Amino acid sequence: MIWLFFVGVLGGLARALYGLLKSVSAGRRFRPGYFLLTLVTGGVLGGVTGLLFDSDPMVCALAGYVGSDVLENVAVMALPKFFVLRK
């Protein structure tokens with residue numbers, strides 16, 4: 001069961017690397033803190049999904065991949081408009 005957590009971490013790593021490549025190709029600077037936060041968030045969400053549902057490894061990897069995007073979008077919608085979130 002613990003290996004499903006690591007599959008979720010791999011999904012989070014894939015998403016973080018994709019975001020890094022997309023950011024660099026757009027000419028933005030690399031922010032290590034944001035990269036690490038994306039990696040940890042995606043990994044934890046993918047891992048928790050695997051531990052709670054004992055599901056398919058593909059589901060855990062997908063949850064890790066999309067986990068950080070879901071949280072970021074929820075935060076943007078939930079926070080008042082006078083807060084400015086920078087990517």
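Since the model is a prediction, treat every value here as computed from it, not as a measurement.

Draft legend 1. Fine view of a nonpolar patch on the surface. The grouping of Leu-36, Val-40, Val-44, Val-48 and Leu-52 at the surface amounts to a nonpolar patch, some 440 Å² of accessible area in total. Looking at where Val-48 falls in the secondary structure, it is placed in helix 2 (residues 32–53). Taking relative accessible area as the criterion, Val-48 reaches 38% and is therefore assigned partly exposed.

Draft legend 2. Region of interest: the confidence of the model for the chain. Counting all residues, the mean pLDDT for the chain is 75, and 77% of those residues have values of 70 or more. No element of the chain has a lower mean pLDDT than helix 3 (residues 57–78), at 74, and none a higher one than helix 1 (residues 2–25), at 81.

Draft legend 3. How the structure looks around the environment of Pro-57. Of note, Pro-57 is situated in helix 3. The class of Pro-57 is partly exposed, set by a relative accessible area of 25%. Distance from Pro-57 to Phe-5, taken between C-alpha atoms, is 9.1 Å for residues 52 residues apart in sequence. Leave out the neighbours within four places in its chain, and Pro-57 touches Trp-3, Leu-4 and Val-7.

Draft legend 4. Representation of the side chain of Ser-23 in the model. Following the sequence through the fold, Ser-23 ends up in helix 1. Contacts of Ser-23, omitting those with residues within four sequence positions, involve Arg-28 and Arg-29.

Draft legend 5. Expanded view of helix 1. Look at helix 1: 35 Å from first C-alpha to last across 24 residues, which is about the 34 Å you get at 1.5 Å a residue. Considered for burial, the residues of helix 1 that qualify are Leu-4, Val-7, Gly-8, Gly-11, Gly-12, Arg-15, Ala-16 and Ser-23. In the stretch just after helix 1, Gly-27 is the one whose phi turns positive, near 90°.

Draft legend 6. A look at the environment of Leu-13. Mapped onto the fold, Leu-13 is located in helix 1. Accessibility expressed as a relative area gives 31% for Leu-13, which makes it partly exposed. Spatially, the C-alpha atom of Leu-13 lies 9.3 Å from that of Leu-36, the residues being 23 residues apart in sequence.

What counts and how
- Residues numbered from 1 in each chain as written.
- Predicted model: local features only at pLDDT ≥ 70, side-chain atom pairs only at ≥ 80, totals over all residues.
- Heavy atoms only, no water.
- Patch = residues over 30% accessible without salt bridge, like charges linked within 9 Å, V, L, I, M, F, W, Y side chains within 5 Å.
- Areas by Shrake-Rupley, 256 points an atom, 1.4 Å probe, with all protein chains shown as cover.
- Salt bridge = Lys/Arg side-chain N within 4 Å of Asp/Glu carboxyl O.
- Helix = DSSP H or I, 4+ residues; strand = E, 2+ residues; numbered from the N terminus.
- Buried < 20%, exposed > 50% of the residue type's maximum accessible area, 1.4 Å probe, protein only.
- pLDDT = per-residue confidence, 0-100.
- Contact = heavy atoms within 4.5 Å.
- Expected span 1.5 Å × (residues − 1).

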